[in-house]
Structures are given as structure tokens and as C-alpha cells.
Amino acid sequence: MHWMRKVYKNFAAYYIRGDVVKFTNETQYSTQDLKKVFDAVSRHEGIKPPSLRVFTAKVPKWCAPTCFSTVVRGAAWRLSKHIDIGIPKHLLDVKAGVQGASSIVTVPLKELDSDQVRTVARVYSHELAHIRGVAKHKDMIPWTSYDVDYLGDARVRLKQPKKSRDIKQERYIKALDKVKAYRTKLKRDTTLLNKWLRKVKHYEKNIGL
Ligand SMILES: [Zn+2]
């Protein structure tokens, strides 16, 4: 019995046909770093990477942060070309007892530690086995014992916050450019206008108006 069987229905929507390798990262972790890990596993397994969606798996507050290793989720249909991986936030709000009363302490997110990186790689590796056509877990060795030493010291850091664009500054600079462009145009048009006015005066004189 697959322990993920009951959520298969929800994941079915992400099934993608064809050979398109698509990587969707909905987590706080660096896409580049995650890709390196998944690529290393695919290479090691000698399989063309399927499309992959990585999302933030919810962790019940009462078990964060210690339950990390058991809640990296993976789901893949047998012989499909798509895998879903759920990675919990490294640290959620941690319940800390303060003199009998409990309070929620928010701990900032950290990069995944090496055990967590390995867990993610093992889960992905396990799903690759399904992609290859292995249906039954009794036909596989338990994913927890997969050797992923080939990962070396692969890291999965946090995404760098995007530099927020200064829209007001950008619009101001754009307006200055427009002013400059129209001034140049105005100058050129004035020169041309004067030239044609001179011609008109010249002709009027000739005609004797
Ligand atoms: Zn499985």
C-alpha cells in the first residue's frame, strides 16, 4: 500500500504528457540549487528527468521542526513523466514553553541542512523508480536506505529576495527621456518651419504680393 495513495487524486492535475522537461519551484529554496540536486539524482539513475513540481509541504505546527525527515512528500504515477515533491519549510513557528505557558516563536528560514538535502534526493530517487515502472514498494529497497553519497556537499539555499524595482524612479527617468526627445524634435521642427517661412516670404516677394 502506497502511503501517498490517498493524495494521488489531487496530484493528478499536474500530470503532464510529452517529453517537455518542466521544473516548477514553488518553495522558498533556490531553483538553481534544487535543480542541481535533482539533476545529480537523474544522472546517477541514468534517467531522463521528468517534469517536476516542487512545493512547500505543510507541516503541523506541533511537530515542526523535528518531523522534517518524514514529511518530504513525493508522488508519481507509474510510467508517467511528472513528479511532485513537497518540501516543508526548514523551520516553521516553533512552539516554545515559557515558564509553563507556551508561546509561538518564529524562527527565520534557513537553507536545508545536508540530511534534508539527502532526504529530498532520496524521495525524488524513489519517485523515479515509479516513473520507470516499478509499481510496488515491496519490489524496492526502502527509500531511506538509498545511497546518495554522490551528492557530495550539495547545498539547497534560500532564494535570494528579488530586487524590488523602483517604479517611481523608472517613470521619472522615462519622462525625462521623453522631454529630451520632444525638445530635440521641437528644435528640428522649428528650424524647418523657419526655413519654409523664409521660402514663402521669398516667393511672395517674387509674385509681388
Ligand atoms: Zn512510492
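The structure presented is a predicted model; accordingly, all values stated were derived computationally and were not measured.

### Observations regarding the nonpolar core
- Core analysis: the biggest nonpolar cluster contains 23 residues, and Val37, Ile85, Val120 and Tyr124 have the highest contact counts within it.
- Every element with two or more residues in this core is listed here: α2 (31-45), β2 (51-57), β3 (73-76), β4 (82-88) and α4 (114-132).
- The dominant element in this core, judged by the number of residues it contributes, is α4, at 8 residues.
- Residues contacting Val120, with those up to four places away along its chain left out, are Val37, Val72, Ile85 and Ile87.

### Considering α2
- Taking 1.5 Å as the rise per residue, α2 with 15 residues should run 21 Å; its terminal C-alpha atoms sit 21 Å apart, in good agreement.
- Every buried residue of α2 is listed here: Leu34, Val37, Phe38 and Val41. Looking down the long axis of α2, one finds its buried residues gathered within 90° of arc, a one-sided arrangement. With respect to the buried face of α2, the exposed residues turned more than 90 degrees away are Gln32, Asp39 and Arg43.
- Of the surrounding elements, those touching the buried residues of α2 are β1 (23-25), β2 and α4.
- Remark: Gly46 follows α2 within two positions and exhibits a positive phi of approximately 65°.

### Here's the deal with the pairing of β4
- In terms of burial, β4 is a largely internal element, 7 of the 7 residues being buried.
- Burial along β4 is two-sided: His82, Asp84, Gly86 and Pro88 and Ile83, Ile85 and Ile87, pointing in opposite directions, are all buried.
- Where β2 and β4 come together, 7 bridges link them in parallel fashion. Directly across from Val54, in β4, lies its bridge partner Ile85.
- Pairing geometry for β3 and β4, over 4 bridges, is antiparallel. Along β4, the bridge assignment pairs Ala76 with Ile83.
- In this structure, the hairpin formed by β3 and β4 is closed by a connection of 5 residues, where Leu79 is found at a positive phi of approximately 65°.

What counts, and where the lines are drawn
- Residues numbered from 1 in each chain as written.
- Predicted model: local features only at pLDDT ≥ 70, side-chain atom pairs only at ≥ 80, totals over all residues.
- Core = buried A, V, L, I, M, F, W, Y, C linked by C-beta atoms within 7 Å.
- Buried ≥ 20, exposed ≤ 12 C-beta atoms within 10 Å, placed from the backbone.
- Helix = DSSP H or I, 4+ residues; strand = E, 2+ residues; numbered from the N terminus.
- Contact = placed C-beta atoms within 7 Å.
- Expected span 1.5 Å × (residues − 1).
- Arc of directions from axis to C-beta.
- Pairing = 2+ DSSP bridges.

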